[in-house]
Amino acid sequence: MGWQIVIVTLICALVVLLPFVLLYLRRRWLTGQGGLFDCAYRMREDPAGAGWVLGVARYRGENLEWFRSFSLSLRPKALFGRAVTAYVHQRQPAGLEAIALFEDSVVVSVRNRVSDKVSSLSMSPDEVLALMSWLESAPPGSHYLPGSASSPR
């Protein structure tokens, strides 16, 4: 009877720990595919500052890929193509954002030049600089759409 309790306890412990092990393995796999950095993404616009989801992002080819932190999916949840993404502006987190987002983060707005959808990302100041450089430095021969976010289309 005592060994049955031990087996049930071990099975329960494995069931509880399995999601954490899978999240760790996913993070290791994503890191091996290219450098990750902390990046929150605003899934829905909310004037109160809500709607942010913590995640990680990486540059891969001509895209910035964003992944949810607490997901087992190996596919990015959001994709920002260099040729169609324009930097709009940046600001400091305000209100609830200052509590919900990563420490010392900056909120960056980017616009899709094709759909005109504006998205908000939150990342460290160093990553903001990297994002701006990446957006401005299209490789030769690419299909870069001219015009900055401040100029008319």
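Residues numbered from 1 in each chain as written. Predicted model: local features only at pLDDT ≥ 70, side-chain atom pairs only at ≥ 80, totals over all residues. Heavy atoms only, no water.

Participant: Describe the pattern of salt bridges, with residues and values.
Facilitator: As enumerated under the stated definition, the model contains five salt bridges in all. One salt bridge in this structure joins Arg42 and Glu97, with 3.5 Å as the shortest N-O distance. In this pair, Arg42 is assigned in strand 2 (residues 40–42) and Glu97 in helix 2 (residues 97–100), connecting sequence segments 55 residues apart. In this structure, the salt-bridge partner of Glu97 is Arg91, at a minimum N-O distance of 2.8 Å. Classification of Arg91 as partly exposed rests on a relative accessible area of 30%. (Salt bridge = Lys/Arg side-chain N within 4 Å of Asp/Glu carboxyl O. Helix = DSSP H or I, 4+ residues; strand = E, 2+ residues; numbered from the N terminus. Buried < 20%, exposed > 50% of the residue type's maximum accessible area, 1.4 Å probe, protein only.)

Participant: Go over the side chain of Arg82 with me, naming the residues and quoting the values.
Facilitator: Topologically, Arg82 is positioned in the loop between strand 6 (78–81) and strand 7 (85–91). The exposure class assigned to Arg82 is buried, which follows from its relative accessible area of 8%. Only 2.5 Å separates the side chain of Arg82 from the backbone oxygen of Ser137, close enough to count as a polar contact. (Polar contact = N/O pair within 3.5 Å; in protein donor to acceptor, adjacent residues only side chain to side chain.)

Participant: Kindly report on the sheet that holds strand 9 (residues 118–123), identifying the contributing residues and their values.
Facilitator: Read from one edge of the open sheet, five strands run 3-2-9-8-7, paired in antiparallel fashion. Where the open sheet ends on each side, the last strands, each with one partner, are strand 3 (52–53) and strand 7. Inspection of the sheet shows strand 2 paired to strand 3 by two bridges, in the antiparallel sense. Across the sheet, Tyr41 pairs through a bridge with Val53, a residue of strand 3. Relative to the sheet, helix 3 (residues 125–136) contacts strand 7, strand 8 (106–112) and strand 9, its axis offset from that of strand 7 by approximately 155°. (Pairing = 2+ DSSP bridges. Contact = heavy atoms within 4.5 Å. Axes fitted to C-alpha atoms, helices over the stretch in contact; angles between N-to-C directions.)

Participant: Residues and numbers for the UniProt feature "transmembrane region" (unreviewed entry) in the chain, please.
Facilitator: When the UniProt feature table is mapped onto this chain numbering, "transmembrane region" (unreviewed entry) sits at residues 6–25. Taken end to end, residues 6–25 comprises 100% helix and 0% strand; its first and last C-alpha atoms sit 27 Å apart. (UniProt positions renumbered as here; feature names shortened; annotations may be inferred.)

Participant: Please provide a residue-by-residue account of the pairing of strand 5 (residues 63–68), values included.
Facilitator: Each regular strand carries side chains that alternate between the two faces of the sheet. Relative to strand 5, strand 4 (residues 55–60) runs antiparallel, the two being bridged by six bridges. Across the sheet, the residue bridging to Val56 is Phe67, located in strand 5. Between strand 4 and strand 5, which pair antiparallel one after the other, the connecting turn spans two residues, and Gly61 there sits at a positive phi close to 65°. Pairing of strand 5 with strand 6 involves four bridges; the strand directions are antiparallel. Looking across to strand 6, one finds that Glu65 is bridged to Leu79.

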